[in-house]
Amino acid sequence: MATFELYRRSTIGMCLTETLDEMVQNGTLTPELAIQVLVQFDKSMTDALESQVKSKVSIKGHLHTYRFCDNVWTFILQDAMFKYDDGQENVGRVKIVACDSKLLTQ
């Protein structure tokens, strides 16, 4: 199963990457093992989002920028409103990155 490296830019992904870098610099971890951990992180995030997230959300906002490159859509919305089952949230600016899930099975 192929995975995207998108989740490495999330808050938890950045923290994991920083921690792994520190461990490699300190000699606690080999660079090869750190890469294996990141690959497993990519797989685990993809699996968790696919199997455990059942919520649906609708998004409205002003489309500031959009881009389609290498089968990846990127949208930047301003004054976005997220509506979900229990309520809604207003966000000043949000970046949405979307990939074709069919590419994960190739």
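Reading guide: rules and limits
Numbering of residues begins from 1 in every chain and follows the order in which that chain's sequence is written. The predicted origin of the model limits local features to residues at a pLDDT of at least 70 and limits the giving and counting of side-chain atom pairs to 80 or more, whereas totals for whole chains, interfaces and linings rest on all residues. In computing side-chain values, all of the structure's heavy atoms are included and hydrogens and water are not. Start and end points for every domain follow an automatic or database-based domain assignment. Strands are runs of DSSP state E lasting at least 2 residues, helices are runs of H or I lasting at least 4, and numbering of each runs from the N terminus.

Q: Provide a residue-level description of the domain arrangement of the protein, including the pertinent values.
A: By domain assignment, the protein separates into domain 1 (6–52) and domain 2 (57–100). In this structure, domain 1 and domain 2 have C-alpha centres spaced 25 Å apart.

Q: Just give me the short version of unusual backbone geometry, but keep the residues and values in it.
A: In the Ramachandran plot, Asp70 falls in the positive-phi region, its phi being about 55° despite a non-glycine side chain. For Asp70, the location among the structural elements is in the loop between strand S1 (58–69) and strand S2 (72–84). The phi angle at Asp79 is positive, at roughly 50°, despite the residue not being glycine. As for its position among the elements, Asp79 is in strand S2.

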